[in-house]
Number of protein chains: 2
Amino acid sequence: MTRDSRQDTKTCILKVGAEIVHNKGFNNTGIQEILKGAGVPKGSFYFYFRNKEDFGLQLIDFYAQVLLDKLERFAARTELSPLGRLQGFFAEFVEIFERNQCRGGCPIGNMAQEMGDLNEAFRVRLQLVFIRVQSMMVELLDQAREAGEVDSGLQSSDVAGFILNSWQGAILQMKVTKSTEPLKIFERVVFGELLHFTRKTSEM
Amino acid sequence: MTRDSRQDTKTCILKVGAEIVHNKGFNNTGIQEILKGAGVPKGSFYFYFRNKEDFGLQLIDFYAQVLLDKLERFAARTELSPLGRLQGFFAEFVEIFERNQCRGGCPIGNMAQEMGDLNEAFRVRLQLVFIRVQSMMVELLDQAREAGEVDSGLQSSDVAGFILNSWQGAILQMKVTKSTEPLKIFERVVFGELLHFTRKTSEM
C-alpha cells in the first residue's frame, strides 16, 4: 500500500466514524459498525488505531480541525468587520442545523458531555480544543473592540468563554426542541445586546 | 408486599439508577449494573419498568422532580428578592459542583445531549422539563422586573431561555475544565451585567 492510500483508508475510517459517533454517541458506537460503514476489515482498523480510545482521541482532532478551519475561514474574511466575522461563523451553523433538521449538535460538545467525566485523556484533549476556539474568539472580540463594534465593560476572555458556552447550551436546547429558535435567541441576545451594552447602574 | 414496600423498591431502583446514569450516561449503563447496585432481582426491575426505555422515561421524571423541587424551594424564599431567589438557585448548584469535583453535570442536560436525537419519547419528555423550568424562571424574572431589579429591553421568556441554555453550556465547560470558573463567569455576566444593561446605541 502506498502512503497515500494508507492515508485515504485512515481518513475514510475517521470520516465514517465521525458521522456515526456524531449521530449516536461514542460509547453507543461499536467498532464493527464503523468497519462495516467504511468497508474495511478489522485488521485495518487496528493498523491505524491502537484501540477504541486511540480512535476516539484522533476523532476529537478530526472534529476539531473541521471546526477550527471554519473559524479560521471566517476570521480571514476581511471584507467583513471583526464582529461580522464572528457572527458569520455562528450564522453558518444556524443554516447547517436548519438543513439537517437540528440533528447531531456540536460533535465536540457531545464528546465533552459524554466523556468529560469518563476518560481523562479525552477530557484534556477536548479542553485544548475549547481553549483554541476561545482564543480565536478573543482575538476577534479584541479587534471588534478596537474597531468600536464592542462596547462592554467585560473582559474579552470572559465574554468569549461565556459566548462559547452559551452557544453550546443553545445547541443542546435545539436538539431537544428540534428548532433553531434557541440559536436565534443566542444571536439576538449576544450580538444584538450583550456586546453593545453598558450598565445602567454604577455599582458592581 | 405492601404498597409502601413496593414503592420503596421502585424508588430504590430509580435512585441507584439515577446515580449510575448520571455518572456514566444512559446508553452506557446496563440494567444488570442497576440491579446489582440496588440489590434487587431482574424480575423486580421488570415488575416496575416495562423495559429500559420505560425506566429511562421515569428516570427523567425523577431527575426533573429533584430540579423543580429545588427551584420551587428558592422561589418560595420570600426573604430574598425575586432576582436573589433565582441567583440563589444557581449559586447552590455551584456549591454542589464544588463539593463533587465538578462531576456529573446536569442529569437533564446530559440526557438531552445524549438522547435528544435517538429517542423521540425521551426528547419530548425532556423538552417538557425544560419548558417547566423556563416558565418558573420567567415568573421570577417578571417579578424581578416589577421590583425594579431587572432593567433590560429583552423579553423575560427570551432571557429565561437564554439563561437556562447558557447555564447548561457553562456546566458542560465545567465538566471539561474540572473547574467551576465557567459557572462563575455565567453568574458574573448574567446577574452582574446582562439583566442590568441598557443598550448604548439606539439602533436594533
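Above this text sits the structure in question.
Rules and cut-offs
Residues numbered from 1 in each chain as written. Chains lettered and ligands numbered in written order. Predicted model: local features only at pLDDT ≥ 70, side-chain atom pairs only at ≥ 80, totals over all residues. Heavy atoms only, no water. Contact = heavy atoms within 4.5 Å. Buried area = accessible area lost by both parts, 1.4 Å probe. Salt bridge = Lys/Arg side-chain N within 4 Å of Asp/Glu carboxyl O. Polar contact = N/O pair within 3.5 Å; in protein donor to acceptor, adjacent residues only side chain to side chain. Helix = DSSP H or I, 4+ residues; strand = E, 2+ residues; numbered from the N terminus. 1 Å grid on protein atoms, 1.4 Å probe; cavity = no way out; pocket = protein on both sides within 12 Å on 5 of 7 lines; lining within 4 Å. Points joined across faces, edges and corners; volume = space filled by probe spheres on them. Nonpolar A, V, L, I, M, F, W, Y, C, P; charged D, E, K, R; others polar.

A. Just the interface of chain A and chain B, in detail. The partner chain B presents 48 residues to the 48 residues of chain A that form the contact. Interface of chain A and chain B: buried area, both sides summed, is about 4800 Å²; carbon and sulfur atoms make up 58% of it. In this assembly, chain A and chain B are joined by four salt bridges. Its salt-bridge partner being Arg188 of chain B, residue Asp158 of chain A comes within 2.8 Å of it at the nearest N-O pair. The interface formed by chain A and chain B contains 17 residue pairs in polar contact (both at pLDDT 80 or more). With twelve residues, helix α8 (residues 156-177) of chain A is the single largest residue contributor to the side of chain A that touches chain B.

B. Region of the structure containing empty space enclosed by the protein. This structure, assessed with the given rule, holds two cavities of 30 Å³ or more. Considering only enclosed or pocket space, the largest cavity measures out at about 320 Å³ in volume. Forming the walls of the largest cavity are 30 residues, and the residues nearest its centre are Asn110, Gln113 and Glu114 of chain A together with Gln113 and Glu114 of chain B. Of all the elements in the fold, those that place two or more residues in the lining of the largest cavity are α1 (3-24) and α6 (107-115) of chain A together with α1 (3-24) and α6 (107-115) of chain B. Across the lining of the largest cavity, the residue classes break down as eight nonpolar, 14 polar and eight charged.

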